[in-house]
Amino acid sequence: MDVQLDVAQLQTTLRSIKVAGLLRISLITQKMITLLFIADGAIERSTDIYKALALGPNTVMVGRPQLYALAVAGALGVAHMLRVLREELEVTMAMIGTSSIDDITEDTLYRSDY
């Protein structure tokens, strides 16, 4: 079964995530050091998580959606929000053609047929 990727579904801006990724690349190319890179800020949906992971962080933090979910439904709301984000991330990965988190790379963010 072929899945057609509707690029409009994934087109959102990279915002501060892109800047953080470029900073990490700059630091690593200047000096070979091991960094724990945590993407934080502007993570509101699963496509943001995918884009952040593609830029190479070890961890992605989700803040604002957690606060909204906590305010609306308490701990169960946060659990539901995390489940929804995970399911949406799995759908995003399937649409792009990545089968695991390890397969997410910066190359998957850009179409090669342009």
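Here we come to a nonpolar patch on the surface. There is a patch of nonpolar side chains on the surface, built from Leu 67, Tyr 68 and Leu 70 and spanning about 350 Å² of accessible area. Position of Leu 70 among the secondary structure elements: in helix H4 (residues 64–96).

The biggest cluster of nonpolar side chains holds 16 residues, and the ones touching the most others in it are Ile 43, Ile 49, Val 60, Val 62, Met 81 and Ile 104. Listing elements by their share of this core, those giving two or more residues are helix H3 (46–54) and H4. When residues of this core are assigned to their parent elements, the largest contribution, 6 residues, is made by H4. Discounting chain neighbours no more than four positions away, the residues touching Met 81 are Val 62, Pro 65, Gln 66 and Ala 69.

The next subject is the confidence of the model for the chain. Per-residue pLDDT for the chain has a mean of 76; in total, 61% of the residues score no lower than 70. Helix H1 (residues 7–10) is the least confidently modelled element of the chain, averaging 50 in pLDDT, while H4 averages 94, the highest of any element. Across residues 1–8, confidence stays below pLDDT 50; counting only partners more than four residues off in sequence or on other chains, it has 4 contacts.

Their axes nearest at 8 Å, the elements H3 and H4 cross at an angle of 60°. In terms of their interaxial angle, H3 and H4 are classed as oblique. Here H3 and H4 pass one another in a crossing that is right-handed. Where H3 approaches H4, its residues Ser 46, Thr 47, Ile 49 and Tyr 50 are matched on the opposing element by Leu 85, Glu 88, Leu 89, Thr 92, Met 93 and Ile 96.

Reading guide: rules and limits
- Residues numbered from 1 in each chain as written.
- Predicted model: local features only at pLDDT ≥ 70, side-chain atom pairs only at ≥ 80, totals over all residues.
- Heavy atoms only, no water.
- Patch = residues over 30% accessible without salt bridge, like charges linked within 9 Å, V, L, I, M, F, W, Y side chains within 5 Å.
- Areas by Shrake-Rupley, 256 points an atom, 1.4 Å probe, with all protein chains shown as cover.
- Salt bridge = Lys/Arg side-chain N within 4 Å of Asp/Glu carboxyl O.
- Helix = DSSP H or I, 4+ residues; strand = E, 2+ residues; numbered from the N terminus.
- Core = buried A, V, L, I, M, F, W, Y, C linked by side-chain atoms within 4.5 Å.
- Buried < 20%, exposed > 50% of the residue type's maximum accessible area, 1.4 Å probe, protein only.
- Contact = heavy atoms within 4.5 Å.
- pLDDT = per-residue confidence, 0-100.
- Axes fitted to C-alpha atoms, helices over the stretch in contact; angles between N-to-C directions.
- Parallel < 35°, antiparallel > 145°, perpendicular 65-115°, else oblique.
- Left-handed = near helix turned anticlockwise from the far one by under 90°.

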